[in-house]
Amino acid sequence: MAEKYISRSSAIAARMLGGEMMVMSAVDSTFFTLNEVASAIWQAADGRTPLSEIVASKICREFDVDRERAQRGADRFVDELSQHGILLVSEQPIMDFSSSPGNQ
Amino acid sequence: MSLLAEMNQKALDLGLPISVHFDITYRCNERCVHCYLDHDDHGEMTTAEIVDVLEQLADAGVFFLSLSGGEVLMRRDFFEIVERARQLLFNVKVKTNGVMIREKEAARLRQLGVEQIQISVYSHRPEVHDAITKLPGSLKRTVQAIRFLKSQGLKVTIANVLMAGNFSDNTGVMALAKDLGVLYTLDPTITPKMDGDTSIIALRIPGSDLKQVFHNQELVGNVEEFCAPPPAPGEDVMDGVPCSAGHTACYISPYGDVFPCVQFPLPSGNVRRQKFLDIWRHSPELNEVRSIRARDLPTCSTCAHVGTCTRCPGLAYMEGNMRGPSTADCEKSFQRTGIPSANMLKRTRAASAGPLIQIQSLPNSVQNHNVALNVALEENFLTV
Ligand SMILES: C[S@@+](CC[C@H](N)C(=O)[O-])C[C@H]1O[C@@H](n2cnc3c(N)ncnc32)[C@H](O)[C@@H]1O
Ligand code: SF4
Ligand code: SF4
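Report on the accompanying structure. In this text, all values refer to a predicted model and were calculated from it rather than measured experimentally.

### Considering the overall build of chain B
In step 1: Scanning chain B for helices and strands turns up 16 helices and nine strands.
In step 2: Over its C-alpha trace chain B gives a radius of gyration of 21 Å, about what one expects of a compact globule, namely 21 Å for 384 residues.
In step 3: Dimensions along the principal axes, computed over C-alpha positions, put chain B at roughly 65 × 50 × 45 Å.
In step 4: Considering chain B as a whole, with its 384 residues, one finds that 55% of them fall into the buried category.
In step 5: Taking all contacts inside chain B whose residues are at least 6 apart in sequence as the whole, residues at least 24 apart take part in 72%.
In step 6: Surface summary for chain B: the accessible area is close to 16300 Å², and the carbon and sulfur share equals 52%.
In step 7: Side-chain charges in chain B split into 38 positive and 43 negative, and the spacing between the mean points of these groups amounts to 1 Å.

Right, dumping it as structure tokens:
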């Protein structure tokens, strides 16, 4: 399967609240909360690091889950957020960093 | 419980300020008859000071940021402020009269990812709206602004404040909102001026009009449910906190003053002299506000309405006692249910106790910003 690169949309608001990340889309006001694992993927979504590498380095190692399960979970999470325009997904590195106002 | 409500509860449990209302100027291009502000500039914070406050708010965990005034666009650095706020990933809501928003400004707001814009409209008729704002041509410009914002795909809410002078145009404004494809919210209570001047309270709608608002299905949904007599309050009600002011929310003025809420002008610190988090955590005033539970309210704790009343502690404070009743909310509870409040009964008893005590006439109507009736003409927060 082709590699995936993910980056955060500029049209979102986000803040950590007690270990969970609140994310709200400015496009359709959809409100999400991300648990610790999802927050880690979110924070690593820099458009340059392949999703598989994020899964290996941030998820498997830090949360002690097996590679296949973590990748499946990450794929589902990325699909859902991208449907709401909250994450941008591409098969190529995403170079437009006007979209990443910080790593809060 | 919705996800958003869950997050609010979590912020309350953790004592975090999830929402801040930040007025960046009190200057304005309109002179609304009912406005609670003094529009002179008494030394607004500079761009650098505001940016510093925004950074502190982000660090403190603030997520919802309302930028308002005065008229926000009177500040030349308005877009710079919004840009920094968005870089800091706040959910930004802007409150404006819209007069200075043209295509370019609407596009910029969209580009910056502002989540919603609230615009005041008092009537669908220019002669009524413009007489309130005292700016000729303002309705036309405001409606144009709404169109520009909508065409950018922005979420817009029309906010209507009901007064004796525009009450009958309420349905007209609602129809206008529908026509423009925007949300509509109305506020039936005129609050005193921030400096304590109560003269504008005379603009309030009479109780009979308030009753009509509360019994309007289009505004409140299920009238029977909305106007039902209050259930007997349980222990949870008596242990409850009145509203978010000082608990998960606060207000910052253009001069850096921190209050529990825009409607609760209790000076609690100043960000020009103190760090925001120090004020939030250690201000004796905020801690006093936080300590108050329904059971501590001398009159309200004995009132049948205590569990369902929209009692605003800020309005109570402006009447002289933050633990007291807010007569505007007493009137609302009464007009909604037909059941007199403990405060009304106390006054009646006092009045009949002897000729030395005068019956104080109650202000005709009441409201509070926290409970503005929301009429969703579009989807509200979609939660996942
Ligand atoms: C102070 S204005 C600031 C934003 C902008 N200038 C506007 O008018 O929309 C915010 C809201 O407060 C309302 N407002 C002003 N004075 C009021 C008062 N005394 N009582 C209740 N609402 C008031 C306005 O009508 C407006 O909807
Ligand atoms: S436009 Fe807003 S700030 Fe200006 S006078 Fe009217 S209510 Fe007050
Ligand atoms: S109706 Fe009046 S007395 Fe009763 S709870 Fe509300 S503010 Fe207090």
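Picking up after the structure, the text goes on.
### Some details on the interface of chain B and chain A
In step 1: Facing 28 residues of chain B, the contacting portion of chain A comprises 25 residues.
In step 2: With both chains or domains summed, chain B and chain A bury close to 2300 Å², and 63% of this area falls on carbon and sulfur atoms.
In step 3: Scanning the region where chain B abuts chain A turns up one salt bridge.
In step 4: As a salt-bridge pair, Lys10(B) and Glu20(A) come within 2.5 Å of each other at their nearest N and O atoms.
In step 5: Counting across the interface, chain B meets chain A through 10 residue pairs in polar contact (both at pLDDT 80 or more).
In step 6: Listing elements by their share of the side of chain B that touches chain A, those giving two or more residues are helix H1 (3-14) and helix H3 (78-87) of chain B.
In step 7: In terms of residues, the side of chain B that touches chain A owes the most to one element, H1(B), which gives six residues.
In step 8: Grouping the constituent residues of the side of chain B that touches chain A by class yields 18 nonpolar, five polar and five charged.

### Side note on the pairing of strand S4 (residues 31-34) of chain A
In step 1: With four bridges joining them, strand S3 (residues 20-25) of chain A and S4(A) adopt antiparallel strand pairing. By the bridge assignment for S4(A), Met21(A) is matched with Leu34(A).

### Digging into the site of ligand 2
In step 1: Taken together, Cys28(B), Glu30(B), Cys32(B), Cys35(B), His39(B), Gly70(B) and Asn97(B) make up the full set of residues near ligand 2.
In step 2: Broken down by class, the residue content of the shell around ligand 2 amounts to three nonpolar, three polar and one charged.

### What to know about the sheet that holds strand S5 (residues 46-50) of chain A
Residue and element names in this part refer to chain A.
In step 1: Read from one edge to the other, the open sheet built from three strands follows the order S5-S1-S6, with strand pairing classed as antiparallel. Each end of this open sheet is capped by a strand with a single partner; those strands are S5 and strand S6 (87-90). The average undirected angle you get between the axes of adjacent strands in this sheet is 25°.
In step 2: Pairing analysis gives two bridges linking strand S1 (residues 5-8) to S5, with the strands arranged antiparallel. If you follow serine 7 over to S5, its bridge partner there is aspartate 46.
In step 3: Of the strands in this sheet, S1, S5 and S6 touch helix H1 (residues 36-44), which is tilted by about 90° from S1.

Cut-offs applied
- The residue count restarts for each chain, going from 1 along the sequence in the order it is written.
- Written order decides the labels, with chains lettered from A and ligands numbered from 1.
- Note on the predicted model: pLDDT of at least 70 is required for a residue's local features to be given, and 80 or more for side-chain atom pairs to be given and counted; whole-chain, interface and lining totals, by contrast, use all residues.
- Working from all heavy atoms in the structure, the side-chain values ignore hydrogens and water.
- Helix numbering and strand numbering both begin at the N terminus, where a helix is a DSSP run of H or I of at least 4 residues and a strand a DSSP run of E of at least 2.
- Our radius of gyration looks at C-alpha atoms and nothing else; its globule reference is 2.2 Å times the residue count to the power 0.38.
- Residue burial is assigned from relative accessible area. The probe radius is 1.4 Å, only protein chains are included, and a residue is buried under 20% of its type maximum, exposed over 50%, and partly exposed in between.
- The contact rule is simple, with two residues in contact once any of their heavy atoms fall within 4.5 Å.
- We get accessible surface area from the Shrake-Rupley algorithm with a probe of 1.4 Å; when it comes to residues, only the shown protein chains can shield them.
- Only four residue types enter the charge count, namely Lys and Arg as positive and Asp and Glu as negative; His and the chain termini do not.
- Every charge is mapped to an atom, namely NZ of Lys, CZ of Arg, CG of Asp or CD of Glu.
- Accessible area that two parts lose when put together, with a 1.4 Å probe and added across both, is what the buried area reports.
- What makes a salt bridge here is a side-chain nitrogen of Lys or Arg within 4 Å of a carboxyl oxygen of Asp or Glu, nothing more.
- Under the rule applied, a polar contact is a pair of N or O atoms within 3.5 Å (in protein, one hydrogen donor and one hydrogen acceptor; residues adjacent in sequence only if both atoms are side-chain atoms).
- Put simply, Ala, Val, Leu, Ile, Met, Phe, Trp, Tyr, Cys and Pro go in the nonpolar bin, Asp, Glu, Lys and Arg in the charged bin, and everything else, Gly too, in the polar bin.
- Pairing between two strands is assigned when DSSP locates at least 2 bridges connecting them.
- One heavy atom within 4 Å of a molecule or strand is enough for the residue carrying it to be called near that molecule or strand.
- Between N-to-C directions, angles cover 0 to 180 degrees, with each direction set by a line fitted to C-alpha atoms, over the stretch in contact for helices.

None of this, on its own, says anything about what the molecule does.
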